[in-house]
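# A structural walkthrough
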Amino acid sequence: MSAEADCIFCQIVAGELPGAIVDSDERTVSFMDINPATPGHALVVPRTHAADLMAISDEDLEACTLAARRLARRMDEALAPAGFNVLNSCGTAAWQTVFHFHMHVVPRYADDPLKLPWIPGPGEPGAIAEVAARIRGDG
Ligand code: AMP
Ligand code: ZN
């Protein structure tokens with residue numbers, strides 16, 4: 001796997017930074033977003049660093065897309081949301097802030113207050129860990 005120095009998502013993939021990992025396979029890792037837009041908001045990233053949608057390989061994009069749907073299905077079982085937004089931001093103008101490709105999987109709930117784009121605010125670590133455990137199926 002090729003990692004990029006100073007990339008926080010490469011560091012999460014490598015286990016050098018903490019992440020609430022909820023799914024992984026040979027090409028992808030999925031973990032909880034620390035500023036969740038809704039309960040259960042998670043990110044899917046390729047293990048191999050690619051800055052954005054333009055840079056990611058076809059194989060890793062396919063793997064990330066399938067991982068996002070796998071995660072949505074697991075969240076559907078665990079959290080019973082009303083729907084999902086699956087989002088990618090590509091470039092600063094599109095609100096990309098972390099330049100390691102990622103897909104947001106955002107469960108939606110009836111009457112949730114989310115308006116896109118959401119205004120990030122810190123999540124409560126215990127609440128994020130609890131929902132991560134539910135998605136993994138060990139909570
Ligand atoms: P974007 O603005 O599309 O690039 O999304 C980056 C996302 O990464 C934001 O939703 C952040 O809350 C999230 N994020 C940043 N740092 C971390 C981290 N250390 N662990 C989990 N999520 C993070
Ligand atoms: Zn990276």
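Just above, that's the structure.
All of these numbers come straight from a predicted model, not from anything done at the bench.

Next up on the list: the side chain of Asp52. Its place among the elements puts Asp52 in the loop between strand S3 (42–46) and helix H2 (58–79). The side chain of Asp52 is buried and forms no salt bridge, while Arg27, the nearest opposite charge, is found at 16 Å. With residues up to four places along the chain from it excluded, the contact list for Asp52 reads Cys90, Gln96 and Phe101.

Our next topic: the pairing of strand S1 (residues 21–24). Side-chain positions along a regular strand alternate between the two faces of the sheet. Here three bridges tie S1 to strand S2 (residues 28–32), and the two strands are oriented antiparallel to one another. Each residue of the ladder has a partner; that of Asp23, found in S2, is Ser30. The turn linking S1 back onto S2 is made up of three residues.

Moving on: the coordination of the zinc ion (ligand 2). Geometrically, a metal with four donors at the corners of a regular tetrahedron has ideal angles of 109.5 degrees, and one with six donors at the corners of a regular octahedron has ideal angles of 90 or 180 degrees. In the first shell of the zinc ion (ligand 2), the protein supplies Cys7 (SG), Cys10 (SG), His49 (ND1) and His100 (ND1), at 2.1 to 2.3 Å from the metal. Here the zinc ion (ligand 2) is ringed by four donor atoms whose angles at the metal span 105 to 116°, and the overall shape comes out tetrahedral. Mapping the donors of the zinc ion (ligand 2) onto the primary sequence yields the spacing C-x2-C-x38-H-x50-H. Within this pair, whereas Cys7 is found in the segment before helix H1 (8–13), its partner His49 is found in the loop between S3 and H2, the two being separated by 42 residues in sequence. The buried category is assigned to Cys7, whose relative accessible area is 7%.

A word on the sheet that holds S1. Taken in spatial order, the five strands of this open sheet run S1-S2-S3-S5-S4, and their pairing is antiparallel. In this open sheet, the two strands that pair with only one neighbour each are S1 and strand S4 (83–87). On average, each strand axis in the sheet is inclined to that of its neighbour by 20°, with strand direction left out of account. In the sheet, S4 pairs with strand S5 (residues 103–108) via five bridges, with the strands oriented antiparallel. Looking at the pairing, Val86 lines up with Val105 of S5.

About the criteria used
- Along each chain, residues carry numbers from 1 onward, in the same order as the chain's sequence is written.
- Working convention: letters from A go to chains and numbers from 1 go to ligands, in the order in which they are written.
- Where totals are concerned, whole chains, interfaces and linings use all residues; where local detail is concerned, this predicted model gives features only for residues with pLDDT of at least 70, and gives and counts side-chain atom pairs only at 80 or more.
- To obtain the side-chain values, all non-hydrogen atoms of the structure were used and water was disregarded.
- Going along the chain from the N terminus, every DSSP run of H or I of four or more residues is numbered as a helix, and every run of E of two or more is numbered as a strand.
- Partly exposed residues are those whose accessible area sits between 20% and 50% of the maximum for their type, while under 20% is buried and over 50% is exposed, using a 1.4 Å probe and protein chains only.
- As used throughout, the charge tally considers Lys and Arg to be positive and Asp and Glu to be negative, leaving His and the chain termini uncounted.
- One speaks of a salt bridge when a side-chain nitrogen belonging to Lys or Arg is within 4 Å of a carboxyl oxygen belonging to Asp or Glu.
- Pairs of residues are marked as contacts when any of their non-hydrogen atoms sit within 4.5 Å.
- Two strands pair if DSSP finds at least two bridges between them.
- Note: metal donors comprise N, O and S atoms at 2.8 Å or less from the metal (3.2 Å for Na, K and Ca); water molecules are not included, so apparent gaps in a site are possible.
- A four-donor site is called tetrahedral if each angle lies between 85 and 135 degrees; a four-donor site is square planar, and a six-donor site octahedral, when trans pairs exceed 155 degrees and the remaining angles lie between 65 and 115; all other cases are labelled irregular.
- Orientation is described by lines fitted to C-alpha atoms, with helices fitted over the stretch in contact, and by angles between N-to-C directions that extend from 0 to 180 degrees.

From the geometry alone we can't say anything about function, so treat these as descriptive.
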